[in-house]
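So you can see what is in the structure, the chains are spelled out below.
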Amino acid sequence: MALKIERTDARTWPDEQMKELFSEGFPQFIVADRLVSDYLGRVQEYFAELDLMLIDENNVPVAGGWGVPIRWDGTEEDLPTGYTQSLVRAVEGREQGVEADTLVVCAAIVTPSLKGRGLAGEVITALRRAAGEAGLARVLAPVRPTTKARYPLAPIETFMAWKREDGMSLDPWIRTHQRLGAELLAAAPVSQTMTGTVAEWEGWTGMVFPESGDYVIPDGLSLLTVDRSADQGTYREPNVWMRHK
């Protein structure tokens, strides 16, 4: 497949193409991270050069990904807590005139019919190249290990250490990053925090939560905590920090 790379804002993409590209990806409750909602508009405005599409020979987008630039001193202690704080640090750093030196790869997605063909790796490679062109010396990623949803009771620190017989990670998305040369860096136990009413969580998950307590939810990497007296559910999503360079 002959591919070319474009900035996502280079053109207006047909709705049906975007619908197909994003038809399988993140769970519905991903929208419940209220802090992300506060910053995402400015992310799109400030860092459009780090939001890319992979286009096939018919000018159809087959994959995409984006990231944000932050200042990071290279130590584990200075890592953002995860995805959400990466957006906050990037936006506030830009507004305060802080010079960024690190790209955080925030997302990569592939159209469902073309999964398994290495396109996610192509997206990450394109973002790493864009980081170099922007003068960002380091590349990080708060990786969402999809297989973790099968083990929601396992701490992320435990899960990230699980390996196959060949020494690679048990998780396929972590393995994608490993094959590109990335190394496991640290756990991000609370990369995102999602909150919503009980009714909202029932809609997002297709479940019923008749009483307060902890619940295993579809596509959840950890447990949902429901407090019916407060009419609130809280889910804290763990990620794994990986360093590409």
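Worth saying up front: this structure is predicted, and the values here are computed from it rather than measured.

Thoughts on the environment of Ala-186
Topologically, Ala-186 is positioned in strand E6 (residues 183-196). Between the alpha carbons of Ala-186 and Glu-77 there is a distance of 9.8 Å; along the sequence they are 109 residues apart. Excluding anything up to four places from it in sequence, Ala-186 contacts Glu-76, Leu-79, Met-160, Val-240 and Trp-241.

As for helix H7 (residues 198-205)
The complete set of buried residues in H7 reads Val-198, Trp-201, Trp-204 and Thr-205. Buried residues along H7 cover an arc of 125° about the axis, so they all sit on one side. Turned more than 90 degrees off the buried face of H7, the exposed positions are Ala-199 and Gly-203. One or two positions beyond H7, positive phi appears at Gly-206, with a value near 70°.

Considerations on the pairing of strand E3 (residues 61-70)
Of all ten residues making up E3, ten are buried, and the element is well covered by its neighbours. Bridge analysis of strand E2 (residues 51-55) against E3 gives five bridges, and the strand direction is antiparallel. Residue pairing for E3: Ile-55 is matched across the bridge by Pro-61. Taken together, E2 and the strand that follows it, E3, pair antiparallel across an intervening segment of five residues, in which Asn-59 is found at a positive phi of about 60°. As defined by bridge partners, E3 adjoins strand E4 (residues 102-110) across eight bridges and the pair is classed as antiparallel. Across the sheet, the residue bridging to Gly-65 is Ala-108, located in E4.

So, the pattern of salt bridges
Evaluated as defined, the whole model comprises nine salt bridges. The partner of Arg-11 in a salt bridge is Glu-6, with the nearest N and O atoms 2.4 Å apart. Across the pair Arg-89 and Asp-78 runs a salt bridge whose closest N-O atoms are separated by 3.7 Å. One end of the pair, Arg-89, is in helix H3 (residues 83-96); the other, Asp-78, is in the loop between E3 and H3, and eleven residues separate them in sequence. Overall, Asp-78 belongs to the partly exposed group, its relative accessible area being 24%. Through salt bridges that share partners, Arg-71, Asp-101 and Arg-138 make up one connected network.

As for the packing of helix H4 (residues 119-133) against helix H6 (residues 172-179)
When two helices pack together, their arrangement is captured by the angle between the axes and the distance separating the axes. Their axes nearest at 10 Å, the elements H4 and H6 cross at an angle of 50°. On the basis of their axis angle, the class for H4 and H6 is oblique. Both H4 and H6 take part in a crossing whose hand is right-handed. Here H4 contributes Ala-120, Gly-121 and Ile-124 to the contact with H6, which in turn contributes Trp-173, Thr-176 and His-177.

What about the environment of Gly-135?
The topology assignment puts Gly-135 in the loop between H4 and strand E5 (138-143). Under the relative-accessibility criterion, Gly-135 is labelled exposed at 56%. Sequence separation between Gly-135 and Glu-49 is 86 residues, and the spatial gap between their C-alpha atoms is 13 Å.

Examining H6
If you check which residues of H6 are buried, you get Trp-173, Ile-174, Arg-175, Thr-176 and His-177. Taken together, the buried residues of H6 touch E4, H4, E5, E6 and strand E9 (232-243). At the C-terminal side of H6, Gly-181 shows a positive phi close to 100°.

A word on the layout of surface pockets
Put simply, the second largest pocket is a space of about 180 Å³. The wall of the second largest pocket is formed by 15 residues, among which Arg-89, Ala-90, Gly-93, Arg-94 and Val-98 lie closest to the centre. Of all the secondary structure elements, the ones that give two or more residues to the lining of the second largest pocket are E3 and H3. When residues of the lining of the second largest pocket are assigned to their parent elements, the largest contribution, six residues, is made by H3. Among the residues making up the lining of the second largest pocket, the classes are represented as seven nonpolar, two polar and six charged.

Focus: the packing of aromatic side chains
Inspection of every chain in the model, using the stated rule, returns ten aromatic pairs. One aromatic cluster is present, built from ring pairs that chain together Phe-29, Trp-201, Trp-204 and Tyr-235. Lying across the ring of Tyr-39, Arg-42 places its NZ or CZ 4.6 Å from the centre.

Calculation notes
- Along each chain, the written sequence defines residue order, and numbers are assigned to residues from 1.
- The predicted nature of this model means local features are confined to residues of pLDDT at least 70 and side-chain atom pairs, given and counted, to a pLDDT of 80 or more, with totals for whole chains, interfaces and linings taken over all residues.
- With hydrogens and water set aside, each side-chain value is computed from the structure's full complement of heavy atoms.
- A run of DSSP states H or I qualifies as a helix once it reaches four residues; a run of E qualifies as a strand once it reaches two. Both are numbered from the N-terminal end.
- Throughout, a residue-residue contact means that at least one pair of heavy atoms, one from each residue, lies within 4.5 Å.
- Only protein chains enter the area calculation, which uses a 1.4 Å probe; residues under 20% of their type maximum are buried, those over 50% are exposed, and those in between are partly exposed.
- In this description, the arc belongs to the directions extending from the helix axis to the C-beta atoms.
- Any two strands with at least two DSSP-identified bridges between them are counted as paired.
- The term salt bridge refers to a pairing of a side-chain nitrogen on Lys or Arg with a carboxyl oxygen on Asp or Glu at a separation within 4 Å.
- Between N-to-C directions, angles cover 0 to 180 degrees, with each direction set by a line fitted to C-alpha atoms, over the stretch in contact for helices.
- Small angles under 35 degrees read as roughly parallel and large ones over 145 as roughly antiparallel, with 65 to 115 read as roughly perpendicular and the rest as oblique.
- It is the rotation of the near helix from the far one that decides the hand of a crossing: anticlockwise by less than a right angle makes it left-handed, clockwise makes it right-handed.
- Cavities and pockets are found on a 1 Å grid laid over the protein atoms alone: a cavity is a set of points where a 1.4 Å probe fits but cannot escape, a pocket is an open set with protein on both sides within 12 Å along at least five of seven lines, and a lining residue has an atom within 4 Å of such a point.
- Grid points are joined across faces, edges and corners, and a volume is the space filled by probe spheres set on the points.
- Gly is placed with the polar residues, together with every amino acid not listed as nonpolar (Ala, Val, Leu, Ile, Met, Phe, Trp, Tyr, Cys and Pro) or charged (Asp, Glu, Lys and Arg).
- Within 6.5 Å between ring centres, the rings of Phe, Tyr and Trp (the latter by its six-membered ring) count as paired, and their orientation is classed by plane angle as stacked under 30 degrees, edge-to-face over 60, tilted in between.
- Charge-over-ring placement is defined geometrically: NZ (Lys) or CZ (Arg) within 6 Å of the ring centre, and within 35 degrees of the ring normal.

Structural measurements only, silent on function.
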